[in-house]
Structures are given as structure tokens and as C-alpha cells.
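What follows is the residue order along each chain.
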Amino acid sequence: MPVRMLTEESESKPVADELYSNPRHGHYLKQIPCWQLQKMISLIQNRMRGLNLDASLEVTNKEFSINAEEDLNKLDDETLQKKKAVMEESFEKHQKKPGDADFQYEVEVKFDLPKIEQNDWDSD
């Protein structure tokens, strides 16, 4: 499948949208989540920039992974949408629905509360 409109500087979302709308290949690509197609496009772009395969995979995996310590408020819109798509896919994958073998209705979990320290200024 040729990706003629792809350059090193292209944004992956418009390229993915164009591939989805391609009458020849679009019906095959509709089965692939958009974030996964964007990940493949990003991998191709990193190779076009001259990165070797291992470095390209490392950069792409970092771009499309979720780090709990990362502040998502500081990301640009395109990167944030990529992260959200990955989170949504992970949520849907792990979601338990009625009809699943291990589905339970109204699961109650008790959490241990941390011990509250007393302070002099809070003695009113």
C-alpha cells in the first residue's frame, strides 16, 4: 500500500484519515484502530528521518505509551489525542461488561484510610 502523501513533517492524523478514506484500501484499514495506524505512520516517519529500527521503535513506543508521572496538561493537542486514544483502547480492553464470565454487579471495595496526623494549627 503506497503512502505517497507522507513526509517527515506530516501530522499522522490527517495521513491516517486519508488512508481510511482511500476507496481501495480503506475497508481493510477500518479494522485497525486509528491510534495504531498513527503509530505505524510515526514509525515510518522516524525511519525516514534516518533513525535505525530500534531507535525508531523506542521513540514511537514512548510517544504512544502512558506514563503515570507525565503531566498531560503540558502536552500539545495532537500528542494528547494520541495518549487519550491509547487510554481509551486500554479501558475498553479491560472493561468488564454484563455477560462476561467474571462480571459482578455492585462491587464494593474497602480501602484502608491513611492515619491522619494531628497538627497544632488544626486544633480548633
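Everything below is about the structure printed above this text.
Residues numbered from 1 in each chain as written. Predicted model: local features only at pLDDT ≥ 70, side-chain atom pairs only at ≥ 80, totals over all residues. Heavy atoms only, no water.

Brief notes about the side chain of Ser56
Okay, so step 1: With respect to the secondary-structure elements, Ser56 resides in helix H4 (residues 53-63).
Okay, so step 2: Taking relative accessible area as the criterion, Ser56 reaches 0% and is therefore assigned buried. (Helix = DSSP H or I, 4+ residues; strand = E, 2+ residues; numbered from the N terminus. Buried < 20%, exposed > 50% of the residue type's maximum accessible area, 1.4 Å probe, protein only.)

Quick notes on the packing of helix H1 (residues 12-21) against helix H3 (residues 34-48)
Okay, so step 1: Viewed as axis vectors pointing N to C, H1 and H3 meet at an angle of 115 degrees, and their least axial separation amounts to 9 Å. Classified by the angle their axes make, H1 and H3 are roughly perpendicular. Considering the relative orientation of H1 and H3, their crossing is right-handed. For the pair H1 and H3, the contacting residues are Ser12, Lys13, Val15, Ala16, Leu19 and Tyr20 in the first and Cys34, Leu37, Gln38 and Ile41 in the second.
Okay, so step 2: Taken together, the residues of the contact of H1 with H3 break down into seven nonpolar, two polar and one charged. (Axes fitted to C-alpha atoms, helices over the stretch in contact; angles between N-to-C directions. Parallel < 35°, antiparallel > 145°, perpendicular 65-115°, else oblique. Left-handed = near helix turned anticlockwise from the far one by under 90°. Contact = heavy atoms within 4.5 Å. Nonpolar A, V, L, I, M, F, W, Y, C, P; charged D, E, K, R; others polar.)

Overview of the pattern of salt bridges
Okay, so step 1: Evaluated as defined, the whole model comprises five salt bridges.
Okay, so step 2: With a closest N to O distance of 2.2 Å, Glu63 and Lys82 form a salt bridge. Of this pair, Glu63 sits in helix H4 while Lys82 sits in helix H5 (residues 77-94), and the two are 19 residues apart along the sequence.
Okay, so step 3: A residue is classified by how much of its surface remains accessible, and Glu63, at 22% relative accessible area, is partly exposed.
Okay, so step 4: What makes Lys82 buried here is its relative accessible area of 6%.
Okay, so step 5: Taking the shortest distance from any N to any O, the salt bridge between Glu70 and Lys83 comes out at 3.3 Å. A residue pair is termed long-range when its members are at least 10 positions apart, and Glu70 in the loop between H4 and H5 and Lys83 in helix H5 qualify at 13 residues.
Okay, so step 6: For Glu70, a relative accessible area of 29% translates into the label partly exposed.
Okay, so step 7: Using a relative accessible area of 3% as the deciding quantity, one classes Lys83 as buried. (Salt bridge = Lys/Arg side-chain N within 4 Å of Asp/Glu carboxyl O.)

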